Amino acid sequence: EEAKKLNHKFLYVEKDQKFLKNGEFFYSDLVGMTCEFDNGKLIGKVVNIEEYNSYATLRVKTDEKDVLIPFVKAFIKSVSLEDRKIIIKFIEGLL
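Here is what the cut-offs are and how they apply
Residues numbered from 1 in each chain as written. Predicted model: local features only at pLDDT ≥ 70, side-chain atom pairs only at ≥ 80, totals over all residues. Heavy atoms only, no water. Patch = residues over 30% accessible without salt bridge, like charges linked within 9 Å, V, L, I, M, F, W, Y side chains within 5 Å. Areas by Shrake-Rupley, 256 points an atom, 1.4 Å probe, with all protein chains shown as cover. Salt bridge = Lys/Arg side-chain N within 4 Å of Asp/Glu carboxyl O. Helix = DSSP H or I, 4+ residues; strand = E, 2+ residues; numbered from the N terminus. Buried < 20%, exposed > 50% of the residue type's maximum accessible area, 1.4 Å probe, protein only. Pairing = 2+ DSSP bridges. Axes fitted to C-alpha atoms, helices over the stretch in contact; angles between N-to-C directions. Phe/Tyr/Trp six-rings, centres within 6.5 Å; stacked < 30°, edge-to-face > 60°.

### Some thoughts on a nonpolar patch on the surface
- Taken together, the side chains of Y52, Y55 and L68 present a nonpolar region at the surface, about 290 Å² in accessible area.
- Within the secondary structure layout, Y52 lies in the loop between β2 (42-51) and β3 (56-61).
- Owing to a relative accessible area of 44%, Y52 belongs among the partly exposed residues under this scheme.

This is how it looks when you write it as structure tokens:
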């Protein structure tokens, strides 16, 4: 009965970094970050995180189009919240 009172209401939850382990972050923190290859070539900005059964995917807006990059260790070299930058391993044919 108490839960029904919350129907059609917005629920706001404050993000608290203290619940994250070292190297963890909220997906929402990735939106707006710059993506570049580990050779320094700019890819674009993260515009969304899309979650699938197997893994999450970064939707990155380039100058020409949106590209999808799997958010898995095989592709992601590093994530820097301080620099707002994600470094992607350069893999021929990725884009």
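### Some remarks on the sheet that holds strand β1 (residues 34-37)
- Sheet architecture is open: six strands sit in the order β4-β3-β2-β1-β6-β5, paired in mixed fashion. Bordering the open sheet on either side are β4 (66-70) and β5 (76-80), each of which pairs with just one other strand. Mean inter-strand twist for the sheet, computed between neighbouring axes without regard to direction, equals 35°.
- The pairing of β3 with β4 spans five bridges and is antiparallel. Across the sheet, V60 pairs through a bridge with V67, a residue of β4.

### Some thoughts on the packing of aromatic side chains
- Per the stated rule, a full pass over the model turns up three aromatic pairs.
- Summarising the aromatic geometry, the rings of F25 and F71 are spaced 6.0 Å apart at their centres and angled 70° between planes, so their arrangement reads as edge-to-face. You can see F25 sitting in the segment before β1 and its partner F71 sitting in the loop between β4 and β5, a full 46 residues away along the chain. Here F25 and F71 have matching classes, each one buried.
- Each ring, one from F37 and one from F90, has its centre 5.1 Å from the other, and the planes form 80°; the classification is edge-to-face. Residue F37 is located in strand β1, and its partner F90 is located in the segment after β6 (85-88); the two are separated by 53 residues in the primary sequence.
- For F37, a relative accessible area of 5% translates into the label buried.
- Here the aromatic residues F25, Y27 and F71 are joined through ring pairs into a cluster of three or more.

### Here's the deal with the pattern of salt bridges
- One pass over the structure, following the stated rule, counts six salt bridges.
- Residues E50 and R59 are paired through a salt bridge, measuring 2.5 Å at the closest nitrogen-oxygen approach.
- The class of E50 is buried, set by a relative accessible area of 14%.
- For R59, the salt bridge identified is with D66, shortest N-O distance 3.7 Å.
- Residues joined by salt bridges that share partners form a network here, namely E50, R59, K61 and D66.

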